[in-house]
Amino acid sequence: MTDSFFSRRSFLIIAIVVFFLPFVLIGFVVIVAFAHRLLALLNPRPILSLSPSEPRLGDELVVSWRWRGRTDSVRTFKISLEGKEVTRYRRGTETHTDQRSFAHVAIVETDRPGQVLSGSEQFLLPRDTMLSLDAPHNKIVWCLRVTGEISSWPDIDESFPIP
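Residues numbered from 1 in each chain as written. Predicted model: local features only at pLDDT ≥ 70, side-chain atom pairs only at ≥ 80, totals over all residues. Heavy atoms only, no water.

Q: For this particular structure, what's the right way to read the environment of N43?
A: Turning to its location among the elements, N43 is positioned in the loop between α1 (2-40) and β1 (45-51). Given a relative accessible area of 7%, N43 falls into the buried group. Put simply, N43 and R145 are 102 residues apart on the chain and 16 Å apart in space, counted from C-alpha to C-alpha. The contacts of N43, once residues within four sequence positions are left out, are I150, W153, P154, D155 and I156. (Helix = DSSP H or I, 4+ residues; strand = E, 2+ residues; numbered from the N terminus. Buried < 20%, exposed > 50% of the residue type's maximum accessible area, 1.4 Å probe, protein only. Contact = heavy atoms within 4.5 Å.)

Q: In this structure, what is going on with the pattern of salt bridges? I would like to understand it.
A: It is possible for side chains bearing opposite charge to pair when their charged atoms get close. The tally for this structure, following the rule as stated, stands at six salt bridges. Two residues, R75 and E149, come together in a salt bridge whose shortest N-O distance is 2.2 Å. Here R75 is found in strand β3 (residues 74-91), whereas its partner E149 is found in strand β7 (residues 138-150), with 74 residues between them in sequence. Given a relative accessible area of 43%, R75 falls into the partly exposed group. A relative accessible area of 32% means that E149 is categorised as partly exposed. E85 serves as the salt-bridge partner of R100, at 3.3 Å between the closest nitrogen and oxygen. In this pair, R100 sits in strand β4 (residues 94-110) while E85 sits in strand β3, placing the two residues 15 residues apart along the sequence. Note on R100: relative accessible area 48%, which makes it partly exposed. Ionic contacts of the salt-bridge type, sharing partners, join the residues E82, R145 and D157 into one network. (Salt bridge = Lys/Arg side-chain N within 4 Å of Asp/Glu carboxyl O.)

Q: Please explain the nonpolar core as it appears in this structure.
A: In globular proteins that are soluble, nonpolar side chains generally tend to be buried together. In terms of nonpolar packing, the biggest core is built from 23 residues, with F77, I79, L81, I107, F123 and L144 touching the most fellow members. Looking at this core, the elements with two or more residues in it are β1, β2 (60-68), β3, β4, β7 and β8 (156-162). Looking at which element gives the most residues to this core, the answer is β7, with five residues. Among all residues touching I107, those that are not within four sequence positions of it are V63, I79, S80, L81, E121, F123 and L144. (Core = buried A, V, L, I, M, F, W, Y, C linked by side-chain atoms within 4.5 Å.)

Q: Quick question: what am I supposed to make of the sheet that holds strand β5 (residues 119-124) here?
A: Remark on secondary structure: sheet strands pair via backbone hydrogen bonds, oriented parallel or antiparallel. Reading across the sheet, the three strands line up as β1-β2-β5 and stay open at both edges, with antiparallel pairing between neighbours. With partners counted over all chains shown, the strands left at the sheet margins are β1 and β5, one partner each. Going across the sheet, the axis of each strand differs from the next one's by a mean of 25 degrees, ignoring polarity. Where β1 meets β2, seven bridges bridge the pair, whose relative direction is antiparallel. What sits directly across from P46, in β2, is W67. (Pairing = 2+ DSSP bridges. Axes fitted to C-alpha atoms, helices over the stretch in contact; angles between N-to-C directions.)

Q: Would you mind going over the environment of V30 with me for this structure?
A: Note that V30 resides in helix α1. Separated by 130 residues in the primary sequence, V30 and F160 place their C-alpha atoms 29 Å from one another.

Encoded structure:
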């Protein structure tokens, strides 16, 4: 009688563990993702200025950057110009949004600490593309994208739209 009692009890414990294990794992993943996002809030923030502020196709632009926060941990730093086409359409009762990148121009890419801290760089806005456009269902979006790699910390990835 005691053998069957212990076998039922051990089966019940194993069943409970197997049932709750996925919930514990999902909770752990959520906690780790939350901690990662919380650490990313402590990253240094780039501050960009663009001259001229409202460019035209083919213009020569100057982007200047500086940082708010500690930049001594930033190992690599990149600024690129990206052009995206955003299309919103309905299929039945659902609305879908598609994004397609049509231009990518590298402006700055460095790992030297002096260049990471602040600086400026000239580049040309491509002549054979479209300006920013905001229609009801279609958009052309130009933005400056700043990425930075920080060792043992969440990386920097921010986008700044160009009008």
